[in-house]
Amino acid sequence: MNAVDKPFLRALAGESVWPPPIWLMRQAGRYLPEYRATKEEAGGFLELCLNPELSAEVTFQPLRRFPMDAAILFTDLPMLPWAMGQGLRYGQGGADGVGPILDPVRDEAALAALRPGDAARRAAPIMKTVSRIRAGLDRDHPGTALIGFAGAPWTVACYMIDGRGGHGFPVARHMAENNPHLLQSLFATLTEAAEAYLVAQAEAGAEALMLFDSWAGLLPPEGFERWVLAPTTALTARLRARLGPDFPLIGFPRLAGDGIPAYAARAGVNAVGLDETVDLTGPLPEGVTLQGNLDARALVAGGETLRAATAHILDAMRGRPFVFNLGHGITPDTPPAHVAALVEQVKRG
Ligand SMILES: Cc1c2[nH]c(c1CCC(=O)O)Cc1[nH]c(c(CCC(=O)O)c1C)Cc1[nH]c(c(CCC(=O)O)c1C)Cc1[nH]c(c(C)c1CCC(=O)O)C2
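On a predicted model such as this, the values are computed, not experimentally measured, just so you know.

Rules and cut-offs
- Residues numbered from 1 in each chain as written.
- Predicted model: local features only at pLDDT ≥ 70, side-chain atom pairs only at ≥ 80, totals over all residues.
- Heavy atoms only, no water.
- Near = heavy atom within 4 Å.
- Polar contact = N/O pair within 3.5 Å; in protein donor to acceptor, adjacent residues only side chain to side chain.
- Areas by Shrake-Rupley, 256 points an atom, 1.4 Å probe, with all protein chains shown as cover.
- Helix = DSSP H or I, 4+ residues; strand = E, 2+ residues; numbered from the N terminus.
- Nonpolar A, V, L, I, M, F, W, Y, C, P; charged D, E, K, R; others polar.
- UniProt positions renumbered as here; feature names shortened; annotations may be inferred.
- Contact = heavy atoms within 4.5 Å.
- Phe/Tyr/Trp six-rings, centres within 6.5 Å; stacked < 30°, edge-to-face > 60°.
- Lys NZ or Arg CZ within 6 Å of the ring centre and 35° of its normal.

Side note on the site of the ligand
Inference 1: Taken together, 21 residues are adjacent to the ligand, and R26, R30, Y35, D76 and S214 come closest.
Inference 2: In this structure, A28 approaches the ligand through a main-chain N or O atom, which is 3.1 Å from an oxygen atom.
Inference 3: One nitrogen or oxygen atom from the side chain of Y35 is found 2.5 Å from an oxygen atom belonging to the ligand.
Inference 4: Here the ligand, which alone exposes 880 Å², has 87% of that area covered by the protein.
Inference 5: Secondary structure elements with two or more residues in the shell around the ligand: helix 2 (33–42) and strand 3 (98–102).
Inference 6: Split into classes, the residues belonging to the shell around the ligand amount to twelve nonpolar, five polar and four charged.

As structure tokens, then:
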């Protein structure tokens, strides 16, 4: 299939493709037994993210079960800070919780110790993963597009500064209010690093790029303007200067609520991801493709709950440029059969 004929890319270009293309955030992950087996084979999660063959394998796993219209590069958001030299490990539950744990960057000295110049070399395995995935899609799934991604500066800064999620990132929020100069310096480093990292993914074969701003909703309005909207707009402008004005970009300002219209109008993205709290029957931004916003809990519930929630979204979005997705990632307790039922219903329109 010609790249421009892929339904997902047509929807990002502003076409009202119907039935809408579908993919799901975290479509590769712990709800699939084959993912858990491959992670074991890799020797751990970080090891998996740095193994191009096995990262590509887990990216393909959901595509063998479900006819998704897009695949997303399998890696993790803190891999960019890791590539700049920040210490990273993964909690195994218990007191550590689950998820990434980083050596916090909270002062000038820690910021100066980062080595953005090393990031391209350290992230080289991730670019190998991108090329492997793209070659496999071209061979076995020619209608499926490849999404590359990075965290948006604010969300990456949250993990870099607090060192872990789960507590609402009090240190990053305090820094935004009380030491904006330090945060601004970190943002300058991060914006430059994210640009290089995303351009490298596009050069390796990614056909669209997504910026995850999972914690955009933590900031008051002035903070949202300064730490979410302004840096995202700067980053997308740089990406467009490098990749061309039409390169498909998706922004996901999760839980941004009242900030979403401004984001849609000014962030420089083709598509905006909507979390599950957004009411699709209310006023919505025009002039951008929308993506979302099924509640991940409805996917766990399945049955009539899932059918009704899916029908509600399809009814609200019919006739608009839209990509069906969840409002946040699939959770590990999701039965794969529910994902199959969802994809079938969406494909019926
Ligand atoms: C904030 C964030 C992270 N990572 C990511 C975000 C932004 C989106 C979001 O808000 O969910 C993005 C991400 N993380 C992962 C992907 C891969 C591709 C996909 O979506 O299928 C993507 C796009 C794999 C992953 N990233 C992680 C796993 C689970 C690791 C394991 O197997 O133990 C996977 C498959 C770990 C991770 N990584 C992160 C957290 C908070 C956690 C723990 C919570 C959880 O597990 O869901 C940081």
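Description of the UniProt feature "binding site: substrate" (unreviewed entry) in the protein chain
Inference 1: Mapped onto this numbering, the UniProt entry annotates "binding site: substrate" (unreviewed entry) at R26, Q27, A28, G29, R30, D76, Y159, S214 and H328.
Inference 2: If we ignore the near neighbours within four places in the chain, the residues touching R30 are Y35, R36 and P332.
Inference 3: If we skip the residues at most four places from it in the chain, D76 touches F45, C49, Y90 and F149.

Remarks on the packing of aromatic side chains
Inference 1: This model, assessed by the stated rule, comprises nine aromatic pairs.
Inference 2: An angle of 80° between the planes, with centres 6.2 Å apart, marks the rings of F212 and F252 as edge-to-face. In this pair, F212 is assigned in strand 5 (residues 208–213) and F252 in strand 6 (residues 249–253), connecting sequence segments 40 residues apart.
Inference 3: Directly above the ring of W82 sits R122, whose terminal nitrogen or CZ lies 4.1 Å from the centroid.
Inference 4: Above the ring of W215, the side-chain terminus of R254 is found at 4.8 Å from the ring centroid.

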